[in-house]
Amino acid sequence: MQLTIEQVRKVAQLARLEFTEEQLESFSAQLASIISFVEQLKDVDTEGVEVLSHPHALQDALREDEVQEGLSRQAALANAPAHDGECFLVPPVLG
Amino acid sequence: MELERLSAVELGRRIAAGELKCSEVVRYFLDRSIERNAALNALIEIDEEALNAAEEIDRRSSRESRRSPLEGVPIVIKDILCMEGKRTTCASRMLENFTAPYTATAVKRLLDGGVLPIGRANMDEFAMGGSTETSYFGVTRNPWDLSRTPGGSSGGSAAALAAGMAPLAVGTDTGGSVRQPSAYCGVVGLKPTYGRISRYGLVAFASSLDQVGPMAHYVEDVAALLQLMAGPDGRDSTSLPAAVDDYLGALGKPLDGLRVGVISEHVEHPDVAPEVRQAVQRAITHLTDLGAALEQVHLALTRYAVPTYYLVAPSEASSNLSRYDGVHYGYRDRPAEGVESPLVSMMSRTRSHGFGDEVKRRVMLGTFALSAGYYDAYYKKALKVRRMIAEEMRRAFERVDVLVGPVAPTPAFSLGENADDPVRMYLQDQFTVAANLAGIPALAVPAGFNDQGLPLAVQLQGAPLSEATLLNVAYHLQQNRFFVPRVAEWK
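Every chain is numbered on its own, with residues counted from 1 as its sequence reads. Whichever chain is written first is A, and whichever ligand is written first is 1; the rest continue in order. Local features are withheld for residues below a pLDDT of 70 in this predicted model, meaning they are given only at 70 or higher, and side-chain atom pairs are given and counted only at 80 or more; totals for whole chains, interfaces and linings count all residues. Computation of side-chain values covers all heavy atoms of the structure but excludes hydrogens and water.

Another aspect to go through is the side chain of B:Asn436. Secondary structure elements follow DSSP: runs of H or I no shorter than four residues count as helices, runs of E no shorter than two count as strands, and numbering proceeds from the N terminus. Looking at the element boundaries, B:Asn436 is found in helix H16 (residues 433-438). Any pair of N or O atoms that falls within 3.5 Å is considered a polar contact. Within protein, one atom must be able to donate a hydrogen and the other to accept it, and sequence-neighbouring residues count only if both atoms are side-chain atoms. At a separation of 3.1 Å, a polar atom in the side chain of B:Asn436 contacts the side chain of B:Asp173.

Moving on, we come to the packing of aromatic side chains. Residue and element names in this part refer to chain B. Here the aromatic set is Phe, Tyr and Trp, taking the six-membered ring for Trp, and pairing holds for ring centres within 6.5 Å; pairs whose planes are under 30 degrees apart are stacked, those over 60 apart are edge-to-face, and all others are tilted. Tallying each qualifying case throughout the model produces 17 aromatic pairs over all chains. Ring geometry for Tyr-136 and Phe-137: centres 5.3 Å apart, planes at 70°, overall edge-to-face. Burial classification: accessible surface area is computed with a 1.4 Å probe over protein chains only, and a residue below 20% of its type maximum counts as buried, one above 50% as exposed, and the rest as partly exposed. Among the residues examined, Tyr-136 registers a relative accessible area of 41% and is labelled partly exposed. Seen in terms of ring centroids, Tyr-324 and Tyr-329 are 6.1 Å apart; in terms of plane orientation they differ by 75°. Their pairing is edge-to-face. When its relative accessible area of 2% is taken as the criterion, Tyr-324 is described as buried.

In this section: the packing of helix H13 (residues 357-370) of chain B against helix H14 (residues 375-399) of chain B. Residues and elements named next belong to chain B. For every element, the axis is a line fit to its C-alpha atoms; helices are fit only across the contacting stretch, and the angle between N-to-C directions ranges from 0 to 180 degrees. Where H13 contacts H14, the two axes come as close as 7 Å, and the packing angle between them is 110°. As judged from the angle between their axes, H13 and H14 are roughly perpendicular. Packed against H13, whose contacting residues are Phe-368, Ala-369 and Leu-370, the element H14 presents Tyr-375, Tyr-378 and Tyr-379 at the interface. In this classification, Asp, Glu, Lys and Arg are treated as charged, Ala, Val, Leu, Ile, Met, Phe, Trp, Tyr, Cys and Pro as nonpolar, and every other residue, Gly included, as polar. Tallied by class, the residues present in the contact of H13 with H14 amount to 6 nonpolar, no polar and no charged. Roughly parallel here means an angle under 35 degrees, roughly antiparallel means over 145, roughly perpendicular means 65 to 115, and every remaining angle is called oblique. By definition in these notes, contact holds between two residues if any of their heavy atoms fall within 4.5 Å.

With that settled, the discussion passes to the interface of chain A and chain B. Counting from both sides, the interface comprises 53 residues of chain A and, opposite them, 71 residues of chain B. Summed over both sides, the interface of chain A with chain B buries roughly 5400 Å², with 71% coming from carbon and sulfur. Buried area, as used here, totals the accessible surface that two parts lose on assembly, with accessibility defined by a 1.4 Å probe and the loss added over both. Of all residues in chain A, the largest losses of buried area upon contact with chain B belong to A:Leu41, A:Leu52 and A:Asn79, amounting jointly to 13% of the total for that side. Joining chain A to chain B, the criterion identifies 20 residue pairs in polar contact (both at pLDDT 80 or more). Among the elements of the structure, helix H1 (5-14), helix H2 (21-38) and helix H3 (73-77) of chain A are those that each provide at least two residues to the side of chain A that touches chain B. It is H2(A) that provides the largest number of residues to the side of chain A that touches chain B, a total of 8 residues.

Read these as geometric descriptors, not functional statements.
Here it is, written out as structure tokens:
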């Protein structure tokens, strides 16, 4: 399959990744070769086959609905790049 | 005394009997690790804190019962399993300074059994790779030949074992990441049935494929490690509720009547090196001598396992890794100047500079396969073929107990050899990924060495929850001297 630079740019945007023009070109070539490789699946007749998204058909993996200790706020914030002791801090959504 | 030559079970026995002091054992392996890591870069961090726990074990009265047969034995843990208060980096810049706020269930069970972690093992970044070359902290080298890869992604765990830096290791296996490095380094490595070991606290790569796996030189040590880590966990809803077998107790049971299937498509595959094929044939001869009945098995669909895997795994990865956005934890970059949304800019730059190329490739591939217009043709198609592959394998296990074949097509390749060609690198996984897609257990068993002194290996696969059988077959191969556990030495 042929991948245009524009298509790769769009996927990068969806994935929240930024590339230089040079990187975009080398990534496009690599992605195209991987996609050509996986396209051999088209040879398999999957008519009427259900998807398998999980190896085991587990059902009702439930526990009793009891209150349990979760991660404390302090522990949850401990690895944050920026916080004010109560909330995670981020740059403005709109500049 | 060359403690690295002893099995972990034997070390545990001697510590319990008072023949060895636990603190001396831990000191011995710490010193070996520090000394050998300079050449190998197998461990990202070496942790002397284990000495405190070791001294505690030494102070205890001999009347107190042991917590497990592995009490007091050192272990290295792949840097993808959380341990409270310890750095857990996934060999990524993204998590370079991440301190785990809780302990993974698998690790907790090891600690409860008195096993002592002495190091965090290097790996491919976020377990994506088959050579430990994508680690942010530099490549790991193979102790049998320093110019070669130890395999990956659990390359640090395998290399540390091969060099005798620890008698036990833990890896994780999403497409062969325990088995292939075990094969390249000449150790025993198990990918258990999906759900046999809890994934709680294992940093997610592809959630429907990831499994924690025990690794060691001796089969009984892998069995003992599995014994400790296996079992249902309320914190992982995909962990299997089935009771845990007595893996150690099953070792040595006669193999009479065992039905062994030889995977024709794998053994005869043109990519398989002659010496690897001979290793499989030698295993078959040993198993026949031990009373097993042989049968050829055809798995025609396994040729589609790699393309299926390289759609399913990156799709799940692109979703799982969306959490790395510079907000809650991990690396954060500054937003660019004068942009419409500083928040979005911060996230994009964080991800672009925090992830390495292989991770970005897979996130891009997965994002593509899941995107509007391509979802049905790629992701959904792959999930259908996945079912067909899983069913073909399960049908095989109606006729045989164990499948035998190669782990990887060749022994360890040279560093850099496959680095510029992702598809060629992915084909290293062609015999291992089917077990992950189907959720079945699979074991890499050493098979001696080739002319260049590189380890060879064979793979045993079984029906879900047949770990006891796989380990017993491997144990017989070990007792029959099909392989002899060996530690690598180099000048």
